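Results of the structural survey
Read off the chains here:
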Amino acid sequence: MNLLFSSFTPHPSALSMSTRHPIAPPPDAPPESLTSFPLIDAPITEDALTRLQSDHTLHVLLISAFVVNLVLLAYLALRFEVLPDPLPLHFDASGLPDRIEAKGGIFGLPIIGMIIFVSNAGLGVIVHRWQRAAALLLAGGASIAQILMWFAAISIVGGIY
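Because the structure is predicted, anything quoted here is derived from the model rather than measured.

For the rest of this paragraph, the subject is the overall build of the protein. Of regular secondary structure, the protein possesses 5 helices and 4 strands. Going from N to C terminus, the protein has its helices and strands arranged as α-β-β-α-α-β-β-α-α. Expressed as a percentage of its 161 residues, the buried residues of the protein come to 28%. Looking at the protein alone, contacts between residues at least 24 apart form 60% of all its contacts between residues at least 6 apart. Looking at the protein as shown, the accessible area adds up to about 10,400 Å², and 72% of this sits on carbon and sulfur atoms.

Of all hydrophobic cores here, the largest spans 13 residues; its most connected members are L72, L76, L87, I106, L109, I156 and V157. Breaking this core down by element, the ones donating at least two residues are α3 (56-79), β3 (87-91) and α5 (132-157). Ranked by size, the runner-up nonpolar core spans 10 residues in total, among them L62, F117, A135 and L136.

Here S143 shows up in helix α5. The buried category is assigned to S143, whose relative accessible area is 12%. If sequence neighbours within four positions are ignored, S143 has contacts with L61, S64 and A65.

Where α3 meets α5, the axes come as close as 9 Å, and the angle between the chain directions of the two elements is 15°. By the criterion of interaxial angle, the relationship of α3 to α5 is roughly parallel. Our pair here, α3 against α5, has a crossing hand that is left-handed. Grouping the constituent residues of the contact of α3 with α5 by class yields 17 nonpolar, 6 polar and 2 charged.

Let us look at the packing of aromatic side chains. Counted according to the given criterion, the structure contains 3 aromatic pairs. On the basis of an interplanar angle of 45° and a centroid distance of 5.5 Å, the ring pair of F66 and F117 is categorised as tilted. With a gap of 51 residues between them, F66 in helix α3 and F117 in helix α4 (residues 108-127) connect regions that are remote in the sequence. You can call F66 partly exposed: its relative accessible area is 34%.

Across 4 bridges, the pairing between β3 and strand β4 (residues 97-101) is antiparallel. Looking across to β4, one finds that F91 is bridged to P97. Connecting β3 to the next strand, β4, in antiparallel fashion are 5 residues, including G95 with a positive phi near 90°.

Here we come to the confidence of the model for the protein. In regions of low pLDDT, the predicted coordinates are not meant to be interpreted in detail. Looking at the protein as a whole, its pLDDT mean stands at 78, while 71% of the residues score no less than 70. When the criterion is pLDDT under 50, residues 1-9 qualifies, and its contacts beyond four places in sequence or with other chains add up to 5 contacts.

The end-to-end C-alpha separation of α4 is 28 Å, in line with the 28 Å expected for 20 residues at 1.5 Å each. Every buried residue of α4 is listed here: L109, P110, G113, F117, N120, A121 and G124. One face of α4 carries all of its buried residues, which in axial projection span an arc of 105°. Opposite the packed face of α4, turned more than 90 degrees from it, sit the exposed residues I111, I115, V118 and I126. Its buried side turned inward, α4 meets α3 and α5.

Basis of the calculations
Residues numbered from 1 in each chain as written. Predicted model: local features only at pLDDT ≥ 70, side-chain atom pairs only at ≥ 80, totals over all residues. Heavy atoms only, no water. Helix = DSSP H or I, 4+ residues; strand = E, 2+ residues; numbered from the N terminus. Buried < 20%, exposed > 50% of the residue type's maximum accessible area, 1.4 Å probe, protein only. Contact = heavy atoms within 4.5 Å. Areas by Shrake-Rupley, 256 points an atom, 1.4 Å probe, with all protein chains shown as cover. Core = buried A, V, L, I, M, F, W, Y, C linked by side-chain atoms within 4.5 Å. Axes fitted to C-alpha atoms, helices over the stretch in contact; angles between N-to-C directions. Parallel < 35°, antiparallel > 145°, perpendicular 65-115°, else oblique. Left-handed = near helix turned anticlockwise from the far one by under 90°. Nonpolar A, V, L, I, M, F, W, Y, C, P; charged D, E, K, R; others polar. Phe/Tyr/Trp six-rings, centres within 6.5 Å; stacked < 30°, edge-to-face > 60°. Pairing = 2+ DSSP bridges. pLDDT = per-residue confidence, 0-100. Expected span 1.5 Å × (residues − 1). Arc of directions from axis to C-beta.

Right under this line is the structure:
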């Protein structure tokens, strides 16, 4: 019976999160005591904000992803005049182009990269207060996505120069 009760929360505020583990009241706690437990969606505490501000690894990953995306945008803007119009933007398994658009379509790469960056950075900041590792994985994923955008841009443009 305790297993069933511990896996089911009878009240929305019966389960809350500490920085590492869930906290739940004992099974025999009166319903009035459930309001004394903090809610999961409590505002960010000063401690969580301090940990977020002092996480240099997270900062390096997010800043590097943002800078790599901006450098990609600048590179494509510099190469824009010499690109052929129309430009093949996607290739099939045999290497033949299967998506040809105007050369302005190349700017879809940094736009997609920025969408990935913003979503991963936002989620990373949100989950950092509970799981630093998850926040670092999201930030690292954003950085890897930016590098993959570079590979795609170089293969479409035909080289770095």
